[in-house]
Amino acid sequence: MAEFTLRLRRYDPESGDAPYWDEHKVDLEPHRSVLEGILQAKAETDGSIGIRCSCRAAICGSCGVKINGKAGLACHTHLDAALRSSKDGVIEVEPMGNMPVIKDLIVDMDAVHWKKIQRVTPWLLAKEPVPEREYIVPRESMVDVTQTMACIQCGACVSDCLSMEVDPLFIGPAALAKAYRFAGDPRDAQHHERLEDLAEDPHGMYDCTHCFKCIEACPKGVAPMNQIMRLRRKAGHDGINDRNNGNRHERAFVTLVKQGGLLHEAELLPRSLGGDSWFGKFAPPAGLELLDSLPVITRAVLRGKVKPMVALKPHKLAKPDLKQVQRIFDHVDNEEQPYELNLYFGTDEDNAEIPPEPAAETVAPGSEGSSL
Amino acid sequence: MKVAYWPGCVSRGFTPELHGSMAKVAPLLDIDLVPLDRACCSGAGVIAEHSQELADTLNARTFALAQKEIANGADLMMNICSTCQGAQSECQQRLDASADYRAHVNETLAPEGLAYEAGIANKNFLWVLVEEIGLDKLTSLVRRPLTDLRVGPFYGCYIVRPTDRLDISHEQPRDTYLGLVIEALGGTVVDYAGSHKCCGFPIITMNKAASLTQAGRHMGDAKDAEADCVVTPCPLCHLNLDLQQPLAERQVGRTLDMPVLHLPQLVGLALGLSPKELGLQRHVVKPTAVIDWTTSVVGSVGGVAGGKVAAASGASGGSGGGW
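Read on for an overview of the structure.

How each quantity is defined
- Residues numbered from 1 in each chain as written.
- Chains lettered and ligands numbered in written order.
- Predicted model: local features only at pLDDT ≥ 70, side-chain atom pairs only at ≥ 80, totals over all residues.
- Heavy atoms only, no water.
- Salt bridge = Lys/Arg side-chain N within 4 Å of Asp/Glu carboxyl O.
- Helix = DSSP H or I, 4+ residues; strand = E, 2+ residues; numbered from the N terminus.
- Buried < 20%, exposed > 50% of the residue type's maximum accessible area, 1.4 Å probe, protein only.
- Contact = heavy atoms within 4.5 Å.
- Buried area = accessible area lost by both parts, 1.4 Å probe.
- Polar contact = N/O pair within 3.5 Å; in protein donor to acceptor, adjacent residues only side chain to side chain.
- Arc of directions from axis to C-beta.
- Pairing = 2+ DSSP bridges.

1. Considerations on the pattern of salt bridges
Phase 1 of the analysis: Using the criterion set out here, one finds 34 salt bridges over all chains in the structure.
Phase 2 of the analysis: In this structure, Glu 165 of chain A and Lys 197 of chain B form a salt bridge, with 3.0 Å as the shortest nitrogen-oxygen distance. Placement of the pair is Glu 165 of chain A in helix H6 (residues 162-166) and Lys 197 of chain B in the loop between strand E6 (188-189) and helix H9 (208-224), with the two residues belonging to separate chains.
Phase 3 of the analysis: On the accessibility criterion, Lys 197 of chain B (19% relative accessible area) is buried.
Phase 4 of the analysis: Residues Asp 56 of chain B and Arg 94 of chain B are paired through a salt bridge, measuring 2.8 Å at the closest nitrogen-oxygen approach. Taken together, the residues Asp 56 of chain B in helix H3 (residues 52-71) and Arg 94 of chain B in helix H4 (residues 82-97) connect sequence positions 38 residues apart.
Phase 5 of the analysis: Here the residues in one salt-bridge network are Arg 10, Asp 22, Asp 46, Lys 103 and Asp 104 of chain A, joined through shared partners.

Following this line, the structure appears as structure tokens:
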């Protein structure tokens, strides 16, 4: 047994008081969970502590909280690990972020998380005609959506999403991962409509900043950000030219790197807005953006940050190297089926068969004696 | 030490002062830079968005070029861009995980006689400072300690997450290295909410308001915590935090005036280089507080002994003349 101190964020809206912190000492074995610590404090010192929990085995997704500033399941975090990540030797537990607090550690999942899940039509829109018995689908295509199906709806990714922090309307990681579950399902009839809907939404799939917070928060390895990138890849292959410049930005980036080997930043912005060609910068949306950014451009030029020559003349790889790079672009783009490795299904090491124990007979006679 | 050096694109385009300051600082740290000028853009996660295999193959080519330099005596591959670190680590994780996949990618590289062998060491300058050079050595090289300079770290997402891919652990706390370096250089680390958050740059063309709100809020938090400047190992963060700061100010409705330094610039200042040599005059936000500090009593004395005496006598930075 060991003593741990928990610092809990408390809030009771009915009291009219502001949120506050209080500390509780608990006595438990270090491998016990933070949830068990909270429940001990609740049982022994303060019965009014509010926390939602059920299975205590990381499968029901009820006990999502922030531990030392990072979202996760209280039942899935050992006390000793939580102590190691604490700033001052006290384990800090607070309600998840990006959602309103109902009481203490309980947040309103309906107001944010479930609303966003509903937003993405989280059910199968089946292909017609519906077969008399089951749909037969290839194994690989179901394996492809398995990762998103591992989600237990705990809301940890929603809590830590940095894009949602500044744009509460962002559909968010959990719902977008759920969207891929159907956009990637071969039985679903409306892939294109789903992708178009999420691409055209100003707070949709292109609102993600690649900050990896959701990957880090997820206790189940769903890696929501990776699913968002797959949605974008699919939308691109479907030729969806969204109004948020999402796909144009991607195409402009890829084209510019293919043309020069290095990124020509000065061209990226106008092309993302105006269209993926040299003429893109003369399109009206690019012009409007230019006007909006004029104060920045003027200052950058005056301060000597951006030399007009650098902005106009792209840096490029030397010709032989550029040719090599372009050959790789063409080669991969012309492949019938790109090789998309997903580490969710393990590495060579994970998937290696356990080598059989060397048989006793193989030991050369005498070697045993000499080693002794 | 000798490194196969990958500067990235932005450090030679819109933030030339980053590449320039690295070149100035390297000899002082006894780092021999062998530039990988045949390598191409890491893709910054955007090429992977288009095609994962394309991004992996392009970076495998970069790694193969670096491995040639390593065979010729370089110790490892070094980058100066958080985003390159993250994008390249992501590709490396996949390439290293499967021999089958590696063979497939190497087949694409074969016509030019290149091949990637699993397990390259590719480290950002920040990691090189702490893990290869060492904080004690770094402190011993300081000629103008950053006494009384309050510096807020700003990491950039790609160099702190996901922790398993970047080998960040309790034993190897790479997500605290900026603070350790600031301290080793004699500065004061400012703790503020935004240090490990996203600068917003990746969505500047998709959702400008959200992007600038992120930049504006983090710089505002640093200002509220009374930072003189922030320092970042990521040139893309620098674009949103410095170049776009006037627009971020407009977005969040407050004056920020927060100078943003590249990591090699901060190191260079402490090693005795002048702000001009490090290209500080090229930033959009005038680093007045930092310049004032270099011209203050503490800064102008130069030698270690002098700096320490001045610091002990309680001279404070930020009081020098205009610049």
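Now that the structure has been shown, the text picks up again.
2. A few points about the interface of chain A and chain B
Phase 1 of the analysis: Between chain A and chain B, the contact holds 70 residues from the first and 78 residues from the second.
Phase 2 of the analysis: Of the roughly 6800 Å² buried where chain A meets chain B, counting both sides, 58% is carbon and sulfur surface.
Phase 3 of the analysis: Three residues, Arg 303, Lys 305 and Tyr 339 of chain A, lead the burial of chain A against chain B; their summed loss comes to 13% of the area buried on that side.
Phase 4 of the analysis: Seen at the junction of chain A and chain B, the total is seven salt bridges.
Phase 5 of the analysis: Salt-bridge contacts for Arg 61 of chain B lead to Asp 321 of chain A; the nearest nitrogen and oxygen are separated by 3.1 Å.
Phase 6 of the analysis: Summed over the shared surface of chain A and chain B, the number is 32 residue pairs in polar contact (both at pLDDT 80 or more).
Phase 7 of the analysis: No other element matches the nine residues that helix H16 (residues 319-333) of chain A contributes to the side of chain A that touches chain B.

3. Some points on helix H4 (residues 139-149) of chain A
Residues and elements named next belong to chain A.
Phase 1 of the analysis: For H4, the set of buried residues is Ser 141, Val 145, Gln 147 and Thr 148. Taken around the axis of H4, the buried residues stretch over an arc of 135°, which confines them to a single face. Along H4, the residues that are exposed and aim more than 90 degrees away from the buried face are Arg 139 and Glu 140.
Phase 2 of the analysis: For H4, the secondary structure elements touched by its buried residues are helix H7 (173-183) and helix H10 (224-237).

4. Observations regarding the pairing of strand E3 (residues 64-67) of chain A
All names here are of chain A.
Phase 1 of the analysis: Residues Gly 64 and Lys 66 of E3 are buried on one face, and the alternating residues Val 65 and Ile 67, pointing to the opposite face, are buried as well.
Phase 2 of the analysis: Examined bridge by bridge, E3 and strand E4 (residues 70-73) share four bridges and lie antiparallel to one another. Bridge assignment links Lys 66 to a residue of E4, and that residue is Ala 71.
Phase 3 of the analysis: Counted between consecutive antiparallel strands, the loop separating E3 from E4 contains two residues, among which Asn 68 sits at a positive phi close to 50°.
Phase 4 of the analysis: Sheet topology note: the E3/strand E5 (residues 91-94) ladder contains two bridges and is antiparallel. In the sheet register, Ile 67 faces E5, and the bridge partner there is Val 93.

5. Quick look at unusual backbone geometry
Phase 1 of the analysis: Cis peptide bonds are those with omega within 30 degrees of zero, and the linkage from Glu 128 of chain A to Pro 129 of chain A qualifies with -10°.
Phase 2 of the analysis: For Pro 129 of chain A, the location among the structural elements is in the loop between helix H3 (110-119) and H4.
Phase 3 of the analysis: Cis geometry marks the peptide bond from Arg 161 of chain B to Pro 162 of chain B; its omega dihedral reads -10°.
Phase 4 of the analysis: Among the structural elements, Pro 162 of chain B can be located in the loop between strand E5 (150-153) and helix H8 (177-184).
Phase 5 of the analysis: Positioned with a positive phi, Asp 104 of chain A is a non-glycine residue whose angle comes to about 45°.
Phase 6 of the analysis: Tracing the backbone through its elements, the reader meets Asp 104 of chain A in the loop between strand E6 (101-103) and strand E7 (106-107).
Phase 7 of the analysis: Using a relative accessible area of 2% as the deciding quantity, one classes Asp 104 of chain A as buried.
Phase 8 of the analysis: Phi at Ala 44 of chain B is positive, roughly 50°, even though this residue is not glycine.
Phase 9 of the analysis: Examined against the element boundaries, Ala 44 of chain B turns out to sit in the loop between strand E2 (32-35) and helix H2 (46-50).

Honestly, that's just the spatial picture; any functional story needs more than this.
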